[in-house]
Amino acid sequence: MHPDAELWRSAAAVLDQNWTGRYIVPSRTLYPHQWSWDTAFAAIGLAYVNPARAWRNLRSLFEAQWPDGRVPHIVFDPDVPEDAYFPGPRFWRVPAYAGRPARGSTGLVQPPMHALAAWEVYRHAAAHGAGAAQQARTELDWLYPRLVAQQEFLGDRRDAGGSGLASIVHPWESGLDNSPAWDEALATVPADLSLLDTYQRRDLDVSDATHRPTDTDYARYLGLVENYRDGGYSDNDLSLRHPFVVECPAFNTVLATAELALAQIAGVLGHPSAAHRHRERAQGITAAITHRLWDPESEFFHARDVRSGRLSPERGVGGLLPLALPDLAGAQVDALVAAVTSYRFGLPVPSHDRTGPAFDDRRYWRGPVWINVNWLVRRGLLVHGRRHEADELRRALLRLVHRNGHYEYFHPETGSGLGSPAFSWTAALSLDLLADSSAPAYARVFQAT
Ligand code: 9WN
């Protein structure tokens, strides 16, 4: 069988095997519930093999949206036992909301990838016939106000720095959980190691401790959840009440990209003035990212600790993602492309600068290669017409997954698979990479308006 056909078949099989009937799990071994940004990446791949599931997956997640607009980072499956994942529903103690029973979700968020995913699923719907196209239109109608509510929550309630950017209140909200980009801000968060006597980490039962966060960091993660939870998950006066409030370049890039996708969706739904407002918001977020997070000395985007006002000194993969912003200044685009192709990163990009002291080739988000952030970097290369590098990255990613399997992440030197072996977003984005060799399609999406 042709290698591409083989990869296609194995990717589709992973998505099938991880489908629960209502939503897709990130992986059967480590993550037995529904995760927010995983849902979006999975939908992008499901669009090719089963668009009805792509929509069902997005719908399941947004059915758990809070009345304030936040989309929880995990929606707990009531049929999965409490001890299958830690921290589980009992730890989060989320009250009943919007007709849903208590303890149905976490109170954190993740990067709002869903508008872009919905747009991608919609774009591919016509290929599946008139019925699928009709369904796509109906689903967009249902999702649009919910996607807007998510943007409003993040842009308003989470603008803790008053700068036009959304802050994250926990490293888990970034999706790049254990990145060195959080180290400096996290160092000021108390680490109560006794929490680990009270609560049992479940991740270490199913994965190698040298890949996962340290106990000290895990104790800080739990302490942050407790603080946010005990404040009723309120976002009032965040920088006074909460010890971790950070503006992340990747999170805010996804926020701006969502506005651009919403502009497309609003256009399809016949709301031209809303489309205009979405484009303006994307421009505003881009300007704020440039103003707040660009360091002209390192020529890189860094996370900003809102409480101390300091930029993290680390060059994490999140600092490359503003490349996906179409309105980024040319000099910054050039600097990011240079970083992407330099020894610091290289194609495919590792999750951290290889030359930095914090680089760790095995530990979660501190060095290994992840497919989803590479997919976003590739998107950025295409948006700025860097076709050659984008093609090279596409080939490198497909080679990596084909040789090693649909792993959660990969060793940045040897390419060997790490973490969970049948991971949904690796499979889903492999389908998209296989299908979408027509690079300029991405760029057109944003230039058409
Ligand atoms: C905590 C599910 C999630 C991803 C994140 C990744 C990891 C969870 C964990 O797995 O986070 O949310 O237990 O480490 O860092 O990006 O969404 O795949």
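Cut-offs applied
Residues numbered from 1 in each chain as written. Predicted model: local features only at pLDDT ≥ 70, side-chain atom pairs only at ≥ 80, totals over all residues. Heavy atoms only, no water. Helix = DSSP H or I, 4+ residues; strand = E, 2+ residues; numbered from the N terminus. Rg over C-alpha atoms; globule rule 2.2 N^0.38 Å. Buried < 20%, exposed > 50% of the residue type's maximum accessible area, 1.4 Å probe, protein only. Contact = heavy atoms within 4.5 Å. Areas by Shrake-Rupley, 256 points an atom, 1.4 Å probe, with all protein chains shown as cover. Lys, Arg positive; Asp, Glu negative; His and termini not counted. Charge placed at Lys NZ, Arg CZ, Asp CG, Glu CD. Axes fitted to C-alpha atoms, helices over the stretch in contact; angles between N-to-C directions. Parallel < 35°, antiparallel > 145°, perpendicular 65-115°, else oblique. Left-handed = near helix turned anticlockwise from the far one by under 90°. Nonpolar A, V, L, I, M, F, W, Y, C, P; charged D, E, K, R; others polar. Near = heavy atom within 4 Å. Polar contact = N/O pair within 3.5 Å; in protein donor to acceptor, adjacent residues only side chain to side chain. Salt bridge = Lys/Arg side-chain N within 4 Å of Asp/Glu carboxyl O. pLDDT = per-residue confidence, 0-100. Phe/Tyr/Trp six-rings, centres within 6.5 Å; stacked < 30°, edge-to-face > 60°. Lys NZ or Arg CZ within 6 Å of the ring centre and 35° of its normal. Core = buried A, V, L, I, M, F, W, Y, C linked by side-chain atoms within 4.5 Å.

Visitor: I keep staring at the overall build of the protein chain and nothing clicks. Help me out?
Guide: A count of helices and strands for the protein chain gives 19 helices and 9 strands. For a compact globule of 449 residues, the expected C-alpha radius of gyration is about 22 Å, and the protein chain comes in at 20 Å, within 12% of that figure. On the principal axes, the C-alpha backbone points of the protein chain span a range of 55 × 50 × 50 Å. The 449 residues of the protein chain split such that 61% are buried. Taking the intrachain contacts of the protein chain between residues at least 6 apart in sequence as the baseline, contacts between residues at least 24 apart amount to 70%. For the protein chain, the accessible area works out to roughly 16000 Å², and carbon and sulfur atoms hold 49% of it. Taking the average place of the 44 positive charges on the side chains of the protein chain and the average place of its 51 negative ones, the gap between the two points comes to 4 Å.

Visitor: How should I be thinking about the packing of helix H3 (residues 51-62) against helix H6 (residues 130-157) in this particular structure?
Guide: Relative orientation and spacing of two packed helices are given, respectively, by the angle between their axes and the distance between those axes. Packing of H3 against H6 brings their axes to within 11 Å, and their N-to-C directions diverge by 30 degrees. The orientation of H3 with respect to H6, classified from their angle, is roughly parallel. By crossing handedness, the relation of H3 to H6 is classed as left-handed. Packed against H3, whose contacting residues are Ala 52, Trp 55, Leu 58, Arg 59 and Phe 62, the element H6 presents Gln 135, Ala 136, Glu 139, Leu 140, Trp 142, Leu 143, Arg 146, Leu 147 and Gln 150 at the interface. Split into classes, the residues belonging to the contact of H3 with H6 amount to 9 nonpolar, 2 polar and 3 charged.

Visitor: Help me understand the site of the ligand in this model?
Guide: Around the ligand lies a shell of 15 residues, among which Asp 38, Tyr 85, Gly 175, Asp 177 and Trp 365 are the nearest. Between an oxygen atom of the ligand and a side-chain N or O atom of Tyr 31, the distance comes to 3.4 Å. At 2.6 Å, a backbone N or O of Gly 175 approaches an oxygen atom of the ligand. In isolation the ligand has 420 Å² of accessible area, and contact with the protein removes 99% of it. Taken together, the residues of the shell around the ligand break down into 9 nonpolar, 3 polar and 3 charged.

Visitor: Would you take a moment to explain the pattern of salt bridges for this structure?
Guide: Where side chains of opposite charge bring their charged atoms close, a pairing between them can arise. Applying the stated criterion across every chain, the model contains 20 salt bridges. In this structure, the salt-bridge partner of Arg 53 is Asp 16, at a minimum N-O distance of 2.8 Å. Residue Arg 53 is found in helix H3, and its partner Asp 16 is found in helix H1 (residues 3-17); the two are separated by 37 residues along the sequence. By relative accessible area, which is 48% here, Asp 16 ends up partly exposed. One salt bridge connects Arg 344 with Asp 353, and the closest N-O pair in it is separated by 2.8 Å. Classification of Arg 344 as partly exposed rests on a relative accessible area of 28%.

Visitor: Honestly, the confidence of the model for the protein chain in this entry has me stumped. Any pointers?
Guide: Caution is warranted with low-pLDDT regions, since their predicted coordinates should not be read in detail. Confidence in the prediction of the protein chain, expressed as mean pLDDT, is 94, and 97% of residues score 70 or more. With pLDDT under 50 throughout, residues 438-449 is counted as low confidence; its partners more than four residues away or in other chains account for 26 contacts.

Visitor: Just checking my understanding: could you explain the packing of aromatic side chains for this structure?
Guide: For any pair of aromatic rings, geometry is given as the distance between the ring centres together with the angle between the planes. For the coordinates displayed, the defined rule picks out 27 aromatic pairs. Both rings, one in Trp 370 and one in Tyr 409, keep their centres 4.7 Å apart while their planes meet at 20 degrees; by these two values the pair is stacked. Of this pair, Trp 370 sits in the loop between helix H15 (330-341) and helix H16 (371-383) while Tyr 409 sits in strand E8 (residues 409-410), and the two are 39 residues apart along the sequence. Judged on exposure class, the residue Trp 370 and its partner Tyr 409 are both buried. Among the aromatic residues, those joined into a ring-pair cluster are Tyr 31, Trp 35, Trp 37, Phe 41, Tyr 85, Tyr 364, Trp 365, Trp 370, Trp 375, Tyr 409, Phe 423 and Trp 425. Between Arg 59 and the ring centre of Trp 142, over which it is positioned, the NZ or CZ distance is 4.3 Å.

Visitor: Looking at this structure, how should I read the nonpolar core?
Guide: The tendency in soluble globular proteins is for nonpolar side chains to be buried side by side. In this structure, Phe 41, Trp 92, Met 113, Phe 244, Ile 265, Leu 320 and Trp 375 are the most contacted members of the largest nonpolar core, which totals 146 residues. The leading source of residues in this core is helix H13 (residues 249-268), at 11 residues. Not counting the four nearest positions on each side in its chain, Phe 244 is found in contact with Ile 168, Val 169, His 170, Pro 171, Trp 182, Ala 185, Leu 186, Val 189, Leu 224 and Arg 307.

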